[in-house]
Amino acid sequence: MGRFANSTDRSSGLEVVRDWNGVTQVVLRSPKGASARVSLHGGQVVSWKNDRGEELLFTSSKAFFKPPNATRGGIQMCFPQFGYSGTLERHGFARNLFWALDDEHAPINHNDNGSKVSVDLILKPSEDDLKCWPHCFEFRLRVFLSKDGDLSLISRIRNVNGKPFSFSFAYHTYLSVSDISEVRIEGLETLDYLDNLSHQERFTEQGDAITFESEVDRVYVSSPNVVAVLDHEKKHSFVIRKEGLPDVVVWNPWEKKSRTMVDFGDEEYKQMLCVDAAAVERAITLKPGEEWTGKMELSAVSSTNCSDHLDHPVSI
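Residues numbered from 1 in each chain as written. Predicted model: local features only at pLDDT ≥ 70, side-chain atom pairs only at ≥ 80, totals over all residues. Heavy atoms only, no water.

Per an unreviewed UniProt entry, the protein goes by the name glucose-6-phosphate 1-epimerase and belongs to Digitaria exilis. As stated in UniProt under Catalytic activity (unreviewed entry), the record for the protein gives "alpha-D-glucose 6-phosphate = beta-D-glucose 6-phosphate". UniProt, in the comment section headed Sequence similarities (unreviewed entry), describes the protein in these words: "Belongs to the glucose-6-phosphate 1-epimerase family." (UniProt positions renumbered as here; feature names shortened; annotations may be inferred.)

So, in C-alpha coordinates, the structure goes:
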(Lines give C-alpha, C1' and ligand atoms only; values in the text may rest on other atoms or scores of the structure.)
Protein backbone atom coordinates (compact mmCIF):
# COMPACT_ATOMS: atom_id res chain seq x y z
CA MET A 1 0.00 0.00 0.00
CA GLY A 2 3.05 2.24 -0.22
CA ARG A 3 3.16 3.30 3.44
CA PHE A 4 6.36 1.48 4.42
CA ALA A 5 9.94 2.17 3.52
CA ASN A 6 13.15 0.14 3.71
CA SER A 7 11.46 -3.18 4.46
CA THR A 8 12.59 -6.52 3.09
CA ASP A 9 10.21 -9.47 2.98
CA ARG A 10 11.18 -12.61 4.85
CA SER A 11 9.55 -15.98 4.78
CA SER A 12 9.08 -16.12 8.54
CA GLY A 13 10.15 -14.62 11.86
CA LEU A 14 10.38 -11.00 12.85
CA GLU A 15 11.47 -7.84 11.08
CA VAL A 16 11.75 -4.21 12.20
CA VAL A 17 10.78 -1.56 9.64
CA ARG A 18 9.80 2.10 9.58
CA ASP A 19 6.77 3.72 8.00
CA TRP A 20 6.95 6.94 5.98
CA ASN A 21 6.67 8.99 9.17
CA GLY A 22 9.71 7.23 10.61
CA VAL A 23 7.63 5.28 13.13
CA THR A 24 9.10 1.90 14.03
CA GLN A 25 6.92 -1.12 13.27
CA VAL A 26 7.53 -4.79 13.95
CA VAL A 27 6.43 -7.38 11.41
CA LEU A 28 5.70 -10.93 12.58
CA ARG A 29 5.58 -13.73 10.00
CA SER A 30 4.53 -17.33 10.42
CA PRO A 31 6.18 -20.19 8.49
CA LYS A 32 2.94 -20.68 6.54
CA GLY A 33 2.85 -17.06 5.33
CA ALA A 34 0.50 -15.27 7.72
CA SER A 35 1.71 -11.93 9.09
CA ALA A 36 0.99 -9.20 11.60
CA ARG A 37 2.37 -5.68 11.90
CA VAL A 38 2.64 -3.83 15.22
CA SER A 39 3.40 -0.11 15.47
CA LEU A 40 5.32 1.41 18.34
CA HIS A 41 2.96 4.34 17.99
CA GLY A 42 0.10 3.35 20.27
CA GLY A 43 1.20 -0.29 20.50
CA GLN A 44 -1.34 -0.71 17.71
CA VAL A 45 -1.70 -3.81 15.56
CA VAL A 46 -2.07 -2.17 12.15
CA SER A 47 -2.24 -5.32 10.01
CA TRP A 48 -3.09 -9.02 10.29
CA LYS A 49 -3.01 -11.12 7.12
CA ASN A 50 -3.74 -14.80 6.55
CA ASP A 51 -1.46 -17.16 4.64
CA ARG A 52 -3.06 -16.03 1.35
CA GLY A 53 -2.09 -12.43 2.02
CA GLU A 54 -5.68 -11.31 2.68
CA GLU A 55 -5.99 -8.45 5.15
CA LEU A 56 -8.24 -9.43 8.08
CA LEU A 57 -8.29 -6.09 9.88
CA PHE A 58 -10.02 -2.99 8.56
CA THR A 59 -8.19 0.31 8.14
CA SER A 60 -10.00 3.34 6.76
CA SER A 61 -8.77 4.78 3.48
CA LYS A 62 -9.08 8.19 5.15
CA ALA A 63 -7.24 7.26 8.34
CA PHE A 64 -4.60 9.58 9.76
CA PHE A 65 -1.23 7.83 9.69
CA LYS A 66 0.74 10.59 11.35
CA PRO A 67 1.19 10.81 15.14
CA PRO A 68 -0.19 11.85 17.55
CA ASN A 69 -3.49 10.61 16.11
CA ALA A 70 -4.37 6.94 16.42
CA THR A 71 -4.95 5.25 13.06
CA ARG A 72 -8.62 4.51 12.36
CA GLY A 73 -8.48 0.73 12.18
CA GLY A 74 -6.45 -2.27 13.29
CA ILE A 75 -6.42 -3.07 17.01
CA GLN A 76 -6.04 -0.11 19.35
CA MET A 77 -5.05 -0.25 23.03
CA CYS A 78 -7.75 1.67 24.92
CA PHE A 79 -6.33 2.52 28.36
CA PRO A 80 -6.91 3.84 31.01
CA GLN A 81 -10.32 4.86 29.70
CA PHE A 82 -12.75 3.52 27.12
CA GLY A 83 -15.01 5.94 25.28
CA TYR A 84 -15.94 9.06 27.20
CA SER A 85 -16.43 7.26 30.51
CA GLY A 86 -14.00 9.50 32.39
CA THR A 87 -12.18 12.82 32.31
CA LEU A 88 -9.52 11.82 29.76
CA GLU A 89 -9.54 12.00 25.99
CA ARG A 90 -11.75 9.45 24.22
CA HIS A 91 -10.42 5.89 24.64
CA GLY A 92 -7.57 7.11 26.86
CA PHE A 93 -4.02 8.08 25.97
CA ALA A 94 -2.21 4.74 25.48
CA ARG A 95 -3.20 4.48 21.81
CA ASN A 96 -1.66 7.91 21.08
CA LEU A 97 1.70 7.48 22.83
CA PHE A 98 4.97 5.99 21.67
CA TRP A 99 5.80 2.61 23.16
CA ALA A 100 9.20 0.92 23.42
CA LEU A 101 10.46 -2.58 22.81
CA ASP A 102 10.54 -4.28 26.20
CA ASP A 103 14.19 -4.76 27.15
CA GLU A 104 13.30 -7.02 30.06
CA HIS A 105 11.88 -9.57 27.63
CA ALA A 106 13.59 -10.68 24.44
CA PRO A 107 11.85 -8.84 21.56
CA ILE A 108 11.93 -12.01 19.49
CA ASN A 109 10.40 -15.05 21.16
CA HIS A 110 10.08 -18.39 19.43
CA ASN A 111 7.96 -20.50 21.77
CA ASP A 112 6.68 -24.04 21.63
CA ASN A 113 9.42 -25.26 19.28
CA GLY A 114 9.01 -22.33 16.93
CA SER A 115 5.22 -22.54 16.69
CA LYS A 116 4.84 -18.87 17.65
CA VAL A 117 6.70 -15.66 17.01
CA SER A 118 6.09 -12.67 19.25
CA VAL A 119 7.15 -9.18 20.20
CA ASP A 120 7.08 -7.47 23.59
CA LEU A 121 6.31 -3.76 24.03
CA ILE A 122 6.16 -1.58 27.11
CA LEU A 123 4.54 1.76 27.97
CA LYS A 124 5.46 3.87 31.00
CA PRO A 125 3.99 7.31 31.72
CA SER A 126 6.01 10.44 31.09
CA GLU A 127 5.90 13.51 33.32
CA ASP A 128 3.35 15.05 30.95
CA ASP A 129 1.20 11.90 31.11
CA LEU A 130 1.24 12.04 34.91
CA LYS A 131 -0.16 15.57 34.78
CA CYS A 132 -3.38 14.37 33.13
CA TRP A 133 -3.55 10.97 34.92
CA PRO A 134 -1.43 11.00 38.11
CA HIS A 135 -0.79 7.27 38.43
CA CYS A 136 2.46 5.40 37.80
CA PHE A 137 2.01 2.17 35.83
CA GLU A 138 3.79 -0.31 33.59
CA PHE A 139 1.80 -1.57 30.62
CA ARG A 140 3.42 -4.58 28.98
CA LEU A 141 1.99 -5.89 25.71
CA ARG A 142 2.97 -9.15 24.04
CA VAL A 143 1.69 -9.87 20.52
CA PHE A 144 1.87 -13.46 19.24
CA LEU A 145 1.41 -14.92 15.78
CA SER A 146 1.00 -18.70 15.73
CA LYS A 147 2.23 -21.00 12.98
CA ASP A 148 -1.42 -21.28 11.81
CA GLY A 149 -1.84 -17.50 11.69
CA ASP A 150 -3.83 -16.98 14.89
CA LEU A 151 -3.21 -13.57 16.45
CA SER A 152 -2.95 -13.25 20.23
CA LEU A 153 -2.43 -10.31 22.56
CA ILE A 154 -1.59 -10.31 26.27
CA SER A 155 -1.71 -7.07 28.24
CA ARG A 156 -0.22 -6.83 31.72
CA ILE A 157 -0.80 -3.62 33.64
CA ARG A 158 1.02 -3.16 36.96
CA ASN A 159 0.46 -0.51 39.61
CA VAL A 160 3.85 0.92 40.53
CA ASN A 161 2.12 3.82 42.26
CA GLY A 162 1.93 4.47 45.98
CA LYS A 163 -1.85 4.37 45.93
CA PRO A 164 -4.62 2.38 44.20
CA PHE A 165 -5.93 3.38 40.80
CA SER A 166 -8.82 2.26 38.60
CA PHE A 167 -9.11 1.99 34.82
CA SER A 168 -11.15 0.57 31.97
CA PHE A 169 -9.66 -1.24 29.00
CA ALA A 170 -10.46 -2.54 25.53
CA TYR A 171 -8.78 -4.12 22.54
CA HIS A 172 -10.58 -1.85 20.04
CA THR A 173 -10.65 -4.32 17.12
CA TYR A 174 -11.68 -3.33 13.59
CA LEU A 175 -12.55 -6.50 11.68
CA SER A 176 -12.69 -6.45 7.88
CA VAL A 177 -15.97 -7.86 6.56
CA SER A 178 -17.43 -8.30 3.06
CA ASP A 179 -20.78 -6.61 3.71
CA ILE A 180 -22.09 -5.68 7.15
CA SER A 181 -25.60 -6.75 6.12
CA GLU A 182 -24.26 -10.31 5.63
CA VAL A 183 -22.58 -10.55 9.03
CA ARG A 184 -23.85 -11.90 12.33
CA ILE A 185 -22.37 -12.36 15.79
CA GLU A 186 -23.00 -15.50 17.81
CA GLY A 187 -22.33 -15.94 21.51
CA LEU A 188 -23.95 -12.77 22.86
CA GLU A 189 -27.61 -13.80 22.63
CA THR A 190 -29.75 -13.38 25.80
CA LEU A 191 -27.09 -11.12 27.39
CA ASP A 192 -27.68 -7.73 28.93
CA TYR A 193 -26.09 -4.79 27.15
CA LEU A 194 -25.59 -1.08 27.72
CA ASP A 195 -26.79 0.90 24.70
CA ASN A 196 -24.57 3.92 24.10
CA LEU A 197 -27.16 5.26 21.66
CA SER A 198 -29.65 5.44 24.54
CA HIS A 199 -27.48 7.00 27.28
CA GLN A 200 -26.18 3.58 28.36
CA GLU A 201 -29.65 2.30 29.16
CA ARG A 202 -29.63 -1.42 29.94
CA PHE A 203 -31.41 -3.87 27.63
CA THR A 204 -31.45 -7.64 27.08
CA GLU A 205 -30.51 -9.08 23.69
CA GLN A 206 -33.56 -10.76 22.19
CA GLY A 207 -32.23 -12.16 18.90
CA ASP A 208 -30.77 -15.58 18.20
CA ALA A 209 -27.75 -13.73 16.79
CA ILE A 210 -26.78 -10.09 16.35
CA THR A 211 -27.32 -8.76 12.83
CA PHE A 212 -26.97 -5.24 11.46
CA GLU A 213 -29.51 -2.94 9.85
CA SER A 214 -28.59 0.39 11.49
CA GLU A 215 -26.03 1.98 13.80
CA VAL A 216 -24.98 -0.19 16.75
CA ASP A 217 -22.94 0.90 19.78
CA ARG A 218 -23.34 -1.53 22.67
CA VAL A 219 -21.45 -2.99 25.62
CA TYR A 220 -22.46 -6.61 26.25
CA VAL A 221 -21.73 -7.33 29.90
CA SER A 222 -20.69 -10.56 31.64
CA SER A 223 -20.11 -12.16 28.26
CA PRO A 224 -18.76 -15.64 27.51
CA ASN A 225 -15.06 -16.05 26.74
CA VAL A 226 -15.69 -17.15 23.14
CA VAL A 227 -17.61 -15.14 20.51
CA ALA A 228 -17.90 -15.75 16.76
CA VAL A 229 -18.35 -13.26 13.92
CA LEU A 230 -19.74 -15.03 10.84
CA ASP A 231 -19.30 -13.49 7.39
CA HIS A 232 -21.68 -15.25 4.98
CA GLU A 233 -20.26 -13.79 1.79
CA LYS A 234 -16.62 -14.59 2.61
CA LYS A 235 -17.70 -17.94 4.09
CA HIS A 236 -15.33 -17.49 6.99
CA SER A 237 -15.67 -16.58 10.64
CA PHE A 238 -13.64 -14.73 13.22
CA VAL A 239 -13.44 -16.56 16.53
CA ILE A 240 -12.60 -14.29 19.45
CA ARG A 241 -11.37 -15.85 22.69
CA LYS A 242 -10.64 -13.79 25.78
CA GLU A 243 -9.62 -13.95 29.43
CA GLY A 244 -9.84 -11.27 32.10
CA LEU A 245 -12.13 -9.19 29.89
CA PRO A 246 -15.78 -9.65 30.92
CA ASP A 247 -17.38 -7.37 28.32
CA VAL A 248 -17.72 -7.23 24.53
CA VAL A 249 -18.19 -3.91 22.74
CA VAL A 250 -19.96 -4.05 19.36
CA TRP A 251 -19.84 -0.98 17.12
CA ASN A 252 -20.75 -0.03 13.58
CA PRO A 253 -21.38 3.66 12.82
CA TRP A 254 -23.69 3.08 9.83
CA GLU A 255 -24.28 5.71 7.18
CA LYS A 256 -25.24 8.86 9.07
CA LYS A 257 -22.43 8.85 11.62
CA SER A 258 -19.89 7.75 8.99
CA ARG A 259 -20.44 11.03 7.19
CA THR A 260 -19.50 12.99 10.31
CA MET A 261 -16.08 11.32 10.81
CA VAL A 262 -13.24 13.02 8.96
CA ASP A 263 -11.00 9.94 9.11
CA PHE A 264 -13.61 7.50 7.83
CA GLY A 265 -15.14 7.03 4.37
CA ASP A 266 -18.86 7.65 3.88
CA GLU A 267 -19.50 4.06 2.70
CA GLU A 268 -16.81 2.24 4.68
CA TYR A 269 -19.21 1.17 7.43
CA LYS A 270 -20.24 -1.63 5.04
CA GLN A 271 -16.76 -3.23 5.20
CA MET A 272 -16.02 -3.10 8.94
CA LEU A 273 -17.24 -4.19 12.33
CA CYS A 274 -15.69 -3.49 15.72
CA VAL A 275 -15.93 -6.33 18.23
CA ASP A 276 -13.84 -5.47 21.28
CA ALA A 277 -12.79 -7.68 24.16
CA ALA A 278 -13.10 -5.21 27.02
CA ALA A 279 -13.51 -4.36 30.69
CA VAL A 280 -15.86 -1.40 30.62
CA GLU A 281 -18.91 -1.79 32.84
CA ARG A 282 -16.92 -2.22 36.05
CA ALA A 283 -13.57 -0.49 36.44
CA ILE A 284 -10.52 -2.57 37.31
CA THR A 285 -8.82 -1.44 40.52
CA LEU A 286 -5.20 -2.24 41.33
CA LYS A 287 -3.59 -1.76 44.70
CA PRO A 288 0.11 -0.80 44.82
CA GLY A 289 2.19 -3.65 43.38
CA GLU A 290 -0.79 -5.51 41.90
CA GLU A 291 -0.96 -6.57 38.26
CA TRP A 292 -3.90 -7.22 35.94
CA THR A 293 -3.79 -9.42 32.85
CA GLY A 294 -6.15 -9.37 29.86
CA LYS A 295 -5.84 -11.78 26.94
CA MET A 296 -7.39 -12.00 23.49
CA GLU A 297 -6.91 -14.51 20.68
CA LEU A 298 -8.25 -14.03 17.14
CA SER A 299 -8.69 -16.86 14.66
CA ALA A 300 -10.04 -16.71 11.11
CA VAL A 301 -11.61 -20.06 10.20
CA SER A 302 -13.93 -21.53 7.60
CA SER A 303 -17.53 -20.96 8.64
CA THR A 304 -18.20 -24.69 8.22
CA ASN A 305 -15.61 -25.38 10.94
CA CYS A 306 -16.56 -22.50 13.21
CA SER A 307 -18.45 -24.61 15.74
CA ASP A 308 -15.36 -26.76 16.27
CA HIS A 309 -13.51 -23.71 17.60
CA LEU A 310 -16.13 -22.33 19.98
CA ASP A 311 -15.40 -24.78 22.78
CA HIS A 312 -11.64 -24.28 22.77
CA PRO A 313 -10.22 -22.14 25.59
CA VAL A 314 -7.68 -19.37 25.10
CA SER A 315 -4.38 -21.07 24.27
CA ILE A 316 -2.01 -18.20 25.04
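Chemist: I keep staring at the overall build of the protein and nothing clicks. Help me out?
Modeler: Summing up its helical and strand segments, the protein has three helices and 21 strands in all. Expressed as a percentage of the 316 residues in the protein, the buried residues total 55%. By sequence separation, contacts in the protein at least 24 residues apart represent 62% of the contacts at least 6 residues apart. Accessible surface for the protein amounts to roughly 14,100 Å². Of this, 46% is attributable to carbon and sulfur atoms. (Helix = DSSP H or I, 4+ residues; strand = E, 2+ residues; numbered from the N terminus. Buried < 20%, exposed > 50% of the residue type's maximum accessible area, 1.4 Å probe, protein only. Contact = heavy atoms within 4.5 Å. Areas by Shrake-Rupley, 256 points an atom, 1.4 Å probe, with all protein chains shown as cover.)

Chemist: What is the right way to look at the pattern of salt bridges in this model?
Modeler: Opposite charge on two side chains makes pairing possible when the charged atoms of those side chains draw close. Under the defined criterion, the tally for this structure stands at 22 salt bridges. When the shortest N-O distance is used, the salt bridge between R52 and E54 registers 3.2 Å. Taking relative accessible area as the criterion, R52 reaches 60% and is therefore assigned exposed. For E54, a relative accessible area of 37% gives the class partly exposed. (Salt bridge = Lys/Arg side-chain N within 4 Å of Asp/Glu carboxyl O.)

Chemist: Explanation requested: the packing of aromatic side chains in the structure shown.
Modeler: How two aromatic rings sit relative to each other is given by the distance of their centres and the angle of their planes. In this structure the tally under the stated criterion is 22 aromatic pairs. When the centroid spacing of 5.8 Å and the interplanar angle of 55° are considered together, the rings of F58 and F264 count as tilted. One end of the pair, F58, is in the loop between β5 (45–49) and β6 (75–78); the other, F264, is in the loop between α2 (254–258) and β20 (272–286), and 206 residues separate them in sequence. For the pair shown, F58 and F264 are each scored as buried. Between F139 and F169, the ring centres sit 6.0 Å apart and the planes meet at 55°, which makes this aromatic pair tilted. A residue pair is termed long-range when its members are at least 10 positions apart, and F139 in strand β10 (residues 137–146) and F169 in strand β12 (residues 165–176) qualify at 30 residues. Assigned by exposure class, F139 and F169 land together as buried. Of the aromatic side chains, those joined through ring pairs into one cluster are F79, F93, W99, W133, F137, F139, F165, F167, F169, Y171 and W292. If you follow K116 out to its NZ or CZ, it ends over the ring of F144, 5.0 Å from the centre. (Phe/Tyr/Trp six-rings, centres within 6.5 Å; stacked < 30°, edge-to-face > 60°. Lys NZ or Arg CZ within 6 Å of the ring centre and 35° of its normal.)

Chemist: Explain unusual backbone geometry here, please?
Modeler: Most peptide bonds take the trans configuration, and most residues that are not glycine carry a negative phi. Backbone torsion omega between F79 and P80 reads 0°, so that peptide bond is classified as cis. In this model, K235 sits at a positive phi of 60°, which is unusual for a non-glycine residue. Counting through the fold element by element, K235 comes out in the loop between β17 (226–231) and β18 (236–243). The exposure class of K235 is exposed, given its relative accessible area of 60%. In this structure, W254 takes a positive phi of about 60° despite not being glycine. Its place among the elements puts W254 in helix α2. With a relative accessible area of 19%, W254 lands in the buried category.

Chemist: Mind showing me how you'd approach the pairing of strand β9 (residues 116–123) here?
Modeler: A large share of β9 lies buried, amounting to eight of its eight residues. Where burial is concerned, the two faces of β9 agree: the one with K116, S118, D120 and I122 and the one with V117, V119, L121 and L123 are both buried. Both strand β7 (residues 100–101) and β9 contribute to a ladder of two bridges, which runs antiparallel. Following the sheet pairing, A100 is matched in β9 by I122. (Pairing = 2+ DSSP bridges.)

Chemist: Any chance you could explain the environment of G294 here in plain terms?
Modeler: Among the secondary structure elements, G294 is positioned in strand β21 (residues 291–302). For G294, a relative accessible area of 0% puts it in the buried group. Note: C-alpha distance between G294 and F169 (125 residues apart in sequence) is 8.9 Å. For G294, the residues in contact, after removing those within four places along its chain, are L153, I154, S155, Y171, E243 and L245.

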